[in-house]
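Structural overview
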Amino acid sequence: MLVKATDMGVRRGERWIIRHVELSVDRGQLIYLIGANGAGKSTCAKAILGLLDIDEGSIDRTPALEVGYVPQRLALNPTLPLTVRRLITLTGRFPGTRIESALASVGLHRLGDPPVTTLSGGEFQRLLLARALLHRPDLLVLDEPAQGVDMAGAGVLLDLIQDIRRDLQCGVLLISHDLQAAMSTGDDVVALVPHEHDERPFGLDDPYAGAARRAAGQA
Amino acid sequence: MLDDFFMRALLAGIGLAMVTGPAGCFIVWRRLAYFGETIAHSALLGVAIAVLVDLHLVIGIFFTAALVVLAMYYLERRDTLPTDTLLGLLSHGGLAVGLVLLSFFPNMRVDLQALLFGDILAVSHVDLAVIWGGGVIALGLLWWIWRPLLAATVSPDLAVVAGLKPERAQLVFGILLAAVIAAAIKIVGVLLIVALLIIPSAAVRRFAASPEQMAAGAAVVGMMAVAGGLFASATFDTPSGPSIVVTALVLFILTRLGRTLPAGGAR
């Protein structure tokens, strides 16, 4: 077990953004975190990453857990000159061969070293993935990596993530909108329902939660 | 014509530009221009306090500026007001309190003109030693926090997950900025110090392929601006601060004229 959240809740003011979330990721597992917009997927991921404090429940992490994080968006200031190789070494210094192999594993090794502003959306996401891989993570957390990437690019990304999970034997927590991919490829699917803990619940017809419950019933 | 006072001012200015180059890049990358202005404006309060308790001006300015940085660090986490409102509060609050305090001492020999616009005649041997000693320490600190600060500039979340402690780096940078601005007051003045931080970085952006190149380039352009500006100031008897900033501006415009030059990515 790499990380395990028990009865996790995060509150902003009086409102619970997420509550009663149970989630655990094992080595080699691909766990999907799905839900509609505003269901608290990113909040949930940030809590798992330790980027924000939880107000309820607990999170257990394996000691010395190395985490790789691919954020949903990275708004780069164009005044900051960054090339491909400079960007992936932002968070640490690594030997050249390791950088090459990280770039190769996402298919960007033949790109040279252009400014990151010239990359396409899909290439940029793959670059962020390579940066996370450089740290040889035990746990990889990806926040909607396929957003803003076309269908083909999204498929490539998903295949990549599967390869990485197999090669590194790491656990993957993947935030996604793609219910179908989640059902067909995930080891487990955690569905978050927006406004579930508001006074008047209107999330009961939520398609993500409904499908996840049905799937859970079949399993 | 290289009088002793002129050499001192030139050396002080060059020592200063060595630090304002890299520090200024972070101001541009992190969009901290108003933060820099706030620290500069608080300098007048620092002067008033230095006069009151009989401290060296630069020390008084540094301590006040550092207090403003700490106040900002605290308020940003505790208060719901937007950052620019908080900065405006501290900036103009500090300026107003400083001016009111100074008005209680009508006989005080505080040369407001020199504080606002810089005065190359004012650079003493002690100032020169403070600027170079402080400059070397500042560069060392900047080197130490470079990776976490740069990572946090791109994404604080990525920096935290990689265990880089970006909050500490940001606080160190704020204090460093307070020191740089305190040291720069004599040469450039309160009103124009932020220009010396921003214009050289902006001028070299399109020629730089990496953050480190941009920082080094900004330091070089800053030194050129300081040297050119001080010569102009001595020759035409113009105030040193505005002369330096005008020189920097001319250098910036020159870099913009060469449209056919290879551009390093986004402009």
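Our structure is the block above this text.
First, a word on scope: everything that follows refers to the structure included in this document. Just so you know, these numbers come straight off a predicted model, no measurement behind them. Along each chain, numbering runs from 1 in the same order as the chain's sequence is written. The naming scheme follows written order: chains are lettered A onward, ligands numbered 1 onward. With pLDDT at 70 or above as the cut-off, local features in this predicted model cover only qualifying residues; side-chain atom pairs require 80 or more to be listed or tallied, and sums for whole chains, interfaces and linings still use all residues. Based on all heavy atoms of the structure, the side-chain values leave hydrogens and waters out of the count.

1. What about the packing of aromatic side chains?
All names here are of chain B. Let me state the cut-off plainly: In summary, the pairing rule links any two rings of Phe, Tyr or Trp, Trp by its six-membered ring, whose centres are within 6.5 Å, and it sorts them by plane angle into stacked for under 30 degrees, edge-to-face for over 60 and tilted for everything else. Numbering goes from the N terminus for both helices and strands, where a helix is a DSSP run of H or I of at least four residues and a strand is a run of E of at least two. In our convention, an over-ring charge means Lys NZ or Arg CZ found within 6 Å of a ring centre and within 35 degrees of that ring's normal.
Per the counting criterion, the structure on display carries six aromatic pairs over all chains. Ring centres of Phe6 and Phe231 lie 5.1 Å apart, and the angle between their planes is 55 degrees; on these two criteria the pair is classed as tilted. Remark: Phe231 occurs in helix α11 (residues 211-236) and Phe6 occurs in helix α1 (residues 4-29); sequence separation between them is 225 residues. By way of ring pairs, the aromatic residues Phe26, Trp29, Trp146 and Phe173 are connected into one cluster. Taking the ring centre of Tyr73 as reference, the NZ or CZ of Arg77 above it sits at 3.9 Å.

2. Some points on the sheet that holds strand β1 (residues 3-12) of chain A
All names here are of chain A. Formally: Two strands pair if DSSP finds at least two bridges between them. Where helices are involved, their axes are fitted lines through C-alpha atoms of the stretch in contact, as for all axes, and angles between N-to-C directions lie from 0 to 180°. In what follows, a contact means two residues having at least one pair of non-hydrogen atoms within 4.5 Å.
Ordered by their spatial adjacency, three strands build an open sheet running β2-β1-β4, and the pairing between neighbours is antiparallel. The open sheet has two free edges, formed respectively by β2 (15-25) and β4 (56-61), since each of these has just one partner strand. The sheet shows a mean angle of 25 degrees between the axes of neighbouring strands, taken without regard to direction. Sheet analysis places β1 next to β4, joined by five bridges and oriented antiparallel. Bridging from a neighbouring strand, Lys4 pairs with Asp60 of β4. Each of β1, β2 and β4 is contacted by helix α1 (residues 41-49), which is oriented at about 125 degrees to β1, the strand it contacts most.

3. So, the nonpolar core
Cut-off, in case you're wondering: Within this scheme, the nonpolar core is defined by two criteria: the residues are buried Ala, Val, Leu, Ile, Met, Phe, Trp, Tyr or Cys, and they are joined through side-chain atoms within 4.5 Å. Relative accessibility decides the category of a residue: with a 1.4 Å probe and only protein chains considered, values under 20% of the type maximum give buried, values over 50% give exposed, and everything between is partly exposed.
Membership of the largest hydrophobic core comes to 146 residues, with the highest contact counts inside it found for Met8(A), Leu23(A), Leu87(A), Leu127(A), Leu129(A), Leu140(A) and Phe173(B). With residues up to four places along the chain from it excluded, the contact list for Leu127(A) reads Val84(A), Leu87(A), Ile88(A), Leu103(A), Leu108(A), Val116(A) and Leu119(A).

4. Notes on the packing of helix α10 (residues 193-204) of chain B against α11(B)
Residues and elements named next belong to chain B. Stated precisely, the cut-off is as follows: For classification purposes, an angle smaller than 35 degrees is called roughly parallel, one larger than 145 roughly antiparallel, one from 65 to 115 roughly perpendicular, and anything else oblique. Note on convention: near helix rotated counterclockwise from far helix by under a right angle means a left-handed crossing. Clockwise means right-handed.
Following both chains from N to C, one finds α10 and α11 inclined at 120 degrees, their axes separated by 8 Å at the closest point. By the angle class used here, α10 and α11 are oblique. The chirality of how α10 crosses α11 is right-handed. Contacts between α10 and α11 involve Leu196, Pro200, Ser201, Ala203 and Val204 from the former and Met214, Gly217, Ala218, Val221, Gly222 and Val226 from the latter.

5. As for the pattern of salt bridges
Pairing between side chains becomes possible if they bear opposite charge and their charged atoms approach one another. Cut-off, in case you're wondering: We define a salt bridge as a side-chain nitrogen of Lys or Arg found within 4 Å of a carboxyl oxygen belonging to Asp or Glu.
Evaluated as defined, the whole model comprises 13 salt bridges over all chains. For the salt bridge of Asp113(A) with Arg85(A), the shortest nitrogen-to-oxygen distance reads 4.0 Å. Linking Asp113(A) in the loop between α3 (96-105) and α4 (121-134) with Arg85(A) in helix α2 (residues 84-88), this pair joins segments that are 28 residues apart in sequence. On the basis of relative accessible area, Asp113(A) is assigned to the partly exposed category, the value being 38%. With its nearest N and O atoms 2.8 Å apart, the salt bridge here joins Lys186(B) to Asp127(B).

6. Points about the side chain of Arg165(A)
Residues and elements named next belong to chain A. Selection rule: Pairs of N or O atoms within 3.5 Å make up the polar contacts considered here, provided that, within protein, one atom can donate a hydrogen while the other can accept it, and that residues adjacent in sequence are counted only when both atoms are side-chain atoms.
Position of Arg165 among the secondary structure elements: in helix α5 (residues 151-168). The class for Arg165 is buried, based on a relative accessible area of 14%. At a separation of 2.6 Å, a polar atom in the side chain of Arg165 contacts the side chain of Gln162. Apart from residues no more than four positions distant in its own chain, Arg165 is found in contact with Gly28, Gln29, Leu30, Cys170, Val172, Thr185 and Asp187.

7. Notes on unusual backbone geometry
Residues and elements named next belong to chain A. The residue Asp7 is not glycine, and still its phi comes out positive at about 50 degrees. Within the element layout of this structure, Asp7 appears in strand β1. Under the relative-accessibility criterion, Asp7 is labelled partly exposed at 28%. Of note, Arg136 is a non-glycine position whose phi angle comes to about 45 degrees, a positive value. Mapped onto the elements, Arg136 comes out in the loop between α4 and β6 (139-143).

That's the geometry; what it means functionally is another story.
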